[in-house]
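# Topology and contacts: notes
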Amino acid sequence: MGNNLQTAAETIQEKYNGEISSFRDQITLLLSKDSIVEVCQILRDDFSFGVLVDETVVDYWRRKEPRFQVVYQLHSRQHDERIFLRTPVSDDNPITSSVVSIYPNANWYEREIWDLFGIRFKGHPDLRRILLPKGYQGHPLRKDVPIKVEETRFTFNNDELARGKPRAKD
């Protein structure tokens, strides 16, 4: 673990009352959603974490409250280090702040998260669906969404499955 990474983590923990966890030399900071923009600004400007590698969500449905955690993976090219940030988001008010002002590529990640998980990002410049059609109802990557399974076609069941498929009228 690099000195820059350790210093950054300790600074953020001290200033924002974050919770540090470490696993295999990877540091993760659990922070409140109110501080995420400010923390990203500090990590980018003061500790050279200039790249947002990924932004995604973990859904802890039926296992943990608050239900969601938005996960940010930041990279420092200068020090070749990564830091992970997690911020909890509740199911009854699924909203957090956008980091597009700090990392412009977050625009696409946050639109994808909105589309698939239903988490809104306050301050996002253009929060709309990116993967699903405009009229789609719901957010399919939430764990409480029922799974629809389509049986795989093989030679022994091809005719049976073909009979059940809707066809265009000639």
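See the structure printed just above.
The structure reproduced in this document is the subject of the present report. Since this is a predicted model, take the numbers as computed values, not measurements. (Residues numbered from 1 in each chain as written. Predicted model: local features only at pLDDT ≥ 70, side-chain atom pairs only at ≥ 80, totals over all residues. Heavy atoms only, no water.)

## Observations regarding the overall build of the protein
The condition is simple: Numbering of helices and strands starts at the N terminus; helices are DSSP runs of H or I of at least 4 residues and strands are runs of E of at least 2. We compute the radius of gyration from the C-alpha atoms alone; for a globule the expected value is 2.2 Å times N to the 0.38, where N is the number of residues. Partly exposed residues are those whose accessible area sits between 20% and 50% of the maximum for their type, while under 20% is buried and over 50% is exposed, using a 1.4 Å probe and protein chains only. The contact criterion used throughout is that any non-hydrogen atoms of two residues lie within 4.5 Å. The Shrake-Rupley method, run with a 1.4 Å probe, gives the accessible areas here. Residue values count only the displayed protein chains as cover. In this tally Asp and Glu are treated as negative and Lys and Arg as positive; neither His nor the chain ends contributes. Taken as the charge location is NZ of Lys, CZ of Arg, CG of Asp or CD of Glu.
Along the backbone of the protein there are four helices and seven strands. Listing every helix and strand of the protein by position from the N terminus yields α-β-β-α-β-β-β-β-α-β-α. Taking 15 Å as the expected radius of gyration for a compact globule of 170 residues, we find that the protein reaches 20 Å, considerably beyond that expectation. For the protein, the spread of C-alpha atoms along the three principal axes comes to 65 × 35 × 30 Å. Relative to its full complement of 170 residues, the protein shows a buried share of 39%. If you take every contact in the protein between residues at least 6 apart in sequence, the share linking residues at least 24 apart comes to 52%. Carbon and sulfur atoms make up 48% of the accessible area of the protein, which amounts to about 10800 Å² in all. Seen as two clouds, the 25 positive and the 26 negative side-chain charges of the protein have centres 7 Å apart.

## Topic: the pattern of salt bridges
Which entries qualify depends on this criterion: Whenever Lys or Arg places a side-chain nitrogen within 4 Å of a carboxyl oxygen from Asp or Glu, that contact is recorded as a salt bridge.
Within the structure shown, the criterion is met by seven salt bridges. With its nearest N and O atoms 2.8 Å apart, the salt bridge here joins Asp45 to Arg44. Connected via shared salt-bridge partners are Asp59, Arg67, Asp91, Arg142 and Asp144.

## Re the pairing of strand β1 (residues 19-23)
Defined as follows: A pair of strands is treated as paired once DSSP finds two or more bridges between them.
As paired elements, β1 and strand β2 (residues 26-30) share five bridges and run antiparallel to each other. Paired with Glu19 across the strands is Leu30, a residue of β2. Linking two consecutive strands that pair antiparallel, namely β1 and β2, is a turn of two residues; a positive phi of about 50° is found at Arg24 within it.

## Remarks on the nonpolar core
Definition in use: Take the buried residues of types Ala, Val, Leu, Ile, Met, Phe, Trp, Tyr and Cys, join any two whose side-chain atoms come within 4.5 Å, and each joined set is a nonpolar core.
Formed by 34 residues in total, the largest nonpolar core has its most connected members in Leu43, Phe49, Ile83, Leu85 and Ile119. Considering every element that reaches this core, the biggest residue donor is helix α2 (residues 36-47), with six residues. Non-local contacts of Ile83, meaning those with residues more than four positions away in its chain, are made with Leu5, Ala9, Ile27, Leu29, Leu43, Phe49, Tyr72, Gln73 and Leu74.

## With respect to the sheet that holds β2
Let me state the cut-off plainly: In this analysis an axis means a line fitted to C-alpha atoms, helices contributing only their contacting stretch, and an angle means the value between N-to-C directions, from 0 to 180 degrees.
Strand order in the open sheet formed by five strands is β1-β2-β5-β4-β3, with mixed pairing between adjacent strands. Two strands close off the open sheet at either side, each with one partner strand: β1 and β3 (51-59). In this sheet, neighbouring strand axes are inclined to one another by 20° on average, regardless of whether the strands run parallel or antiparallel. Sheet strands touched by helix α3 (residues 106-117): β3 and β4 (68-76). Its angle to β3, the strand with the most contacts, is close to 10°.

## Let's talk about the side chain of Asp59
Quick note on the threshold: Under this definition, polar contacts are N or O atom pairs within 3.5 Å; protein pairs additionally need one hydrogen-donor-capable and one acceptor-capable atom, and for neighbouring residues in sequence, both atoms have to be side-chain atoms.
Relative to the helices and strands, Asp59 is located in strand β3. A polar contact is formed between the side chain of Asp59 and the backbone nitrogen of Trp61, at a distance of 3.0 Å. In terms of polar contacts, Asp59 uses its side chain to reach the side chain of Arg67, at 2.7 Å. With residues near it in sequence (within four places) discarded, Asp59 still touches Arg67, Phe68, Phe117, Leu141, Arg142 and Lys143.

## So, the environment of Val58
Within the secondary structure, Val58 sits in strand β3. When its relative accessible area of 23% is taken as the criterion, Val58 is described as partly exposed. C-alpha of Val58 to C-alpha of Val70: the two residues are 12 residues apart in sequence and 6.6 Å apart in space. Not counting residues up to four positions away in its chain, the partners in contact with Val58 are Arg67, Phe68, Gln69, Val71 and Arg86.

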